Amino acid sequence: MPLHVTDYTWTQTDSTVHISVPLKGATAAGVDIVSTEEYLKVHFPPFLFEAFLFEPVDDDRSSAKVGNGVAVFTLPKKTHKVWEHLMITTGDKETKREIRERALLTQEQKLSAELKQKAEKRQAEKKYALETMMKLEREERDRIQQMKDAEREKTTAELAAWQLRQKQEAQQNQNHQIQQNPVSFNENLPAVVHSDAEKKKKIRAQLPPPRTCGNIPVTFTPRVFPTALRESRVPEEEEWLKKQAEARRAMSAELEELEDLTEEERNPDWLKQKGDKCFSNGDYVGAVNAYSLGIRLNRKLPALYSNRAACHLKLRNLHKAVEDSSKALDLLTPAVSANAAARVRASVRRGSAFCQLELYAEGLQDYEAALKIEPHNEELQRDAQIIRDIIQGSAGTQNGTK
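Just so it is clear, the model here is predicted, and its values are computed rather than measured. (Residues numbered from 1 in each chain as written. Predicted model: local features only at pLDDT ≥ 70, side-chain atom pairs only at ≥ 80, totals over all residues. Heavy atoms only, no water.)

S.K.: Sorry, what's going on with the confidence of the model for the chain here?
M.R.: Caution is warranted with low-pLDDT regions, since their predicted coordinates should not be read in detail. For the chain, the mean per-residue pLDDT works out to 83, and 80% of the residues sit at or above 70. Predicted confidence in the chain is weakest over helix H3 (residues 228–232), with a mean pLDDT of 47, and strongest over helix H7 (residues 302–314), with 96. Every residue in residues 183–194 is under pLDDT 50, and counting partners more than four places away or in other chains gives 9 contacts. Scored below 50 in pLDDT, residues 224–232 shows 3 contacts in the model against residues more than four places distant or in partner chains. (pLDDT = per-residue confidence, 0-100. Helix = DSSP H or I, 4+ residues; strand = E, 2+ residues; numbered from the N terminus. Contact = heavy atoms within 4.5 Å.)

Shown next as structure tokens:
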């Protein structure tokens, strides 16, 4: 049972009541205070001060100071008049109990409102911080996009200027050849030609006769004696070389649609080099355009698909990276020593795309396929082990959840 404090002091004016409660050695942290319009409690175990106030006070403007071994309360009165007593002198225990319960309920509601207000304030601060961070990230993305657009425009302008120079040089060469070998039919034509048909007929008559056509038979002696190269080739290498030869012959499939391109721009190897240069400069969109044009010209070159997959990885086009890497691996069959390095690159690029899509099992299969080709590659070993740890960690988390 608590010990009631009786050695308190109080003073008043017409508008304010001042109460001083000795704390008897208690620290400020150990003091529990409840204050409402009609009730005041100061609890510092084992002591208790409890006051059922004579008149209501303004709780919103009330204040308390705890320190130097005393708690001092300043309670503004709601009605300006002098009190006869500090506490009510009449009323039974039931009335006081109701006042105490009502005061505790009011204090609980007040604390709940303060907690709610603090939570709303923290939420508003978090929201503001998140919006600020998103704004900064958006500005950074816009800045990077502007840099990419500027670099793309620069590359496009350089390509257009290069094409213009090529056309001008070709035109100059053609004019130079015409100047060196002039062909004039005016001396041999009649003075007056009455119609275009007659003019063409006259010109055709002055042309030298066309060359006669003929066939030259060519025969080859079959090579039947053994050579080191022929004996060392296996059927898979023969098939690979055959595919490469077919790829080179497929270059003319779409040339009719691209008649406005120069001779170099119709060369997939030149476009690959152009894409590699763009990739090195960080212009991944320009590199994708170069590789895509090369693929239009020749759909049988695996390097174009593999390198375009690397660009898609940089641009976070993960599904396209998987598609291009898979196409490159299909073209890199059968597996022979001549295309081993290319298969490693394509496998790693597809595995990286799978891992970024959180398809770690599929990604690990591609890394293990690359390790079969280069088993002593420390970087591949390290990446494959990281993927295994991720898979094992996910499995462990699922088992623990179950």
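S.K.: I keep staring at the sheet that holds strand S2 (residues 9–12) and nothing clicks. Help me out?
M.R.: The strands that make up a sheet are held in pairs by hydrogen bonds between backbone atoms, and each pair lies either parallel or antiparallel. Ordered by their spatial adjacency, 4 strands build an open sheet running S2-S3-S8-S7, and the pairing between neighbours is antiparallel. Edge positions in the sheet fall to S2 and strand S7 (63–67), since each of these pairs with one other strand and no more. Adjacent strand axes in the sheet meet at a mean angle of 10° when their direction is disregarded. Both S2 and strand S3 (residues 16–22) contribute to a ladder of 4 bridges, which runs antiparallel. (Pairing = 2+ DSSP bridges. Axes fitted to C-alpha atoms, helices over the stretch in contact; angles between N-to-C directions.)

S.K.: When you look at a nonpolar patch on the surface in this model, what are you seeing that I'm missing?
M.R.: Together, Leu130, Met133 and Met134 line one region of the surface with nonpolar side chains, adding up to about 280 Å² of accessible area. Inspection of the secondary structure assignment puts methionine 134 in helix H1 (residues 93–180). Relative accessible area serves as the criterion here: at 42%, methionine 134 is assigned to the partly exposed category. (Patch = residues over 30% accessible without salt bridge, like charges linked within 9 Å, V, L, I, M, F, W, Y side chains within 5 Å. Areas by Shrake-Rupley, 256 points an atom, 1.4 Å probe, with all protein chains shown as cover. Salt bridge = Lys/Arg side-chain N within 4 Å of Asp/Glu carboxyl O. Buried < 20%, exposed > 50% of the residue type's maximum accessible area, 1.4 Å probe, protein only.)

S.K.: Can you walk me through the environment of histidine 4 in this structure?
M.R.: Mapped onto the secondary structure, histidine 4 falls in strand S1 (residues 3–4). Residue classification places histidine 4 among the partly exposed residues on the basis of a relative accessible area of 47%. In this structure, the C-alpha to C-alpha distance between histidine 4 and phenylalanine 47, residues 43 residues apart in sequence, is 5.8 Å.

S.K.: What is the right way to look at helix H10 (residues 360–373) in this model?
M.R.: Because an α-helix completes one turn every 3.6 residues, residues spaced three or four positions apart along the sequence face the same direction. With 14 residues, H10 ought to run about 20 Å at 1.5 Å a step, and its terminal C-alpha atoms sit 20 Å apart, in line with that. Residues Gly363, Leu364, Asp366, Tyr367, Ala370 and Leu371 constitute the buried set of H10. The buried residues of H10 all sit within an arc of 160° when viewed along its axis, so they share a single face. Exposed side of H10, more than 90 degrees from the buried face: Gln365 and Lys372 are the residues found there. (Expected span 1.5 Å × (residues − 1). Arc of directions from axis to C-beta.)

S.K.: Explain the pattern of salt bridges here, please?
M.R.: Any two side chains of opposite charge can pair, given that their charged atoms come close. Scanning the model with the defined rule gives 14 salt bridges in all. Here glutamate 37 makes a salt bridge to lysine 78, at a shortest N to O gap of 2.8 Å. Highlighted residues: glutamate 37 in the loop between strand S4 (32–35) and strand S5 (39–44) and lysine 78 in the loop between strand S8 (70–76) and H1, separated in sequence by 41 residues. Residue classification places glutamate 37 among the partly exposed positions, given a relative accessible area of 38%. Taking relative accessible area as the criterion, lysine 78 reaches 45% and is therefore assigned partly exposed.

S.K.: Explanation requested: the nonpolar core in the structure shown.
M.R.: A general tendency of soluble globular proteins is for nonpolar side chains to be buried together. The biggest cluster of nonpolar side chains holds 19 residues, and the ones touching the most others in it are Ile19, Phe49 and Phe73. Sorting the residues of this core by element identifies S3, S5, strand S6 (47–52) and S8 as the ones contributing at least two each. Not counting residues up to four positions away in its chain, the partners in contact with isoleucine 19 are Thr9, Trp10, Leu40, Phe49, Ala71, Val72, Phe73, Leu75 and Leu86. Val288, Tyr291, Leu301 and Cys311 belong to the second-largest nonpolar core, a separate cluster that totals 13 residues. (Core = buried A, V, L, I, M, F, W, Y, C linked by side-chain atoms within 4.5 Å.)

S.K.: Got a minute to help me understand the UniProt feature "repeat: TPR" (unreviewed entry) in the chain in this structure?
M.R.: As recorded in UniProt, the sites labelled "repeat: TPR" (unreviewed entry) are residues 344–377. Secondary structure over residues 344–377 splits into 79% helix and 0% strand, and the C-alpha atoms at its two ends are 11 Å apart. (UniProt positions renumbered as here; feature names shortened; annotations may be inferred.)

S.K.: It is not clear to me how the sheet that holds S1 should be interpreted in this structure. Could you clarify?
M.R.: Spatially, the 4 strands line up as an open sheet ordered S1-S6-S5-S4, and their pairing is mixed. One side of each edge strand has no neighbouring strand; the edge strands of this open sheet are S1 and S4. Sitting on the sheet, H1 is in contact with S4, S5 and S6, with an inclination near 105° to S4.

S.K.: Hey, could you run me through the packing of helix H5 (residues 268–280) against helix H6 (residues 284–297) in this one?
M.R.: Packed helices, taken two at a time, are described by the angle their axes make and the gap between the axes. Here H5 crosses H6 at 165°, and the two axes come no closer than 7 Å. One finds that H5 runs roughly antiparallel with respect to H6. Helix-helix and strand crossings are classified by hand; for H5 and H6 the assignment is left-handed. Every residue of H6 that contacts H5 at Pro268, Leu271, Lys272, Lys274, Gly275, Asp276, Cys278 and Phe279 is listed here: Tyr284, Gly286, Ala287, Ala290, Tyr291, Leu293, Gly294 and Leu297. In terms of residue class, the contact of H5 with H6 is made up of 10 nonpolar, 3 polar and 3 charged. (Parallel < 35°, antiparallel > 145°, perpendicular 65-115°, else oblique. Left-handed = near helix turned anticlockwise from the far one by under 90°. Nonpolar A, V, L, I, M, F, W, Y, C, P; charged D, E, K, R; others polar.)

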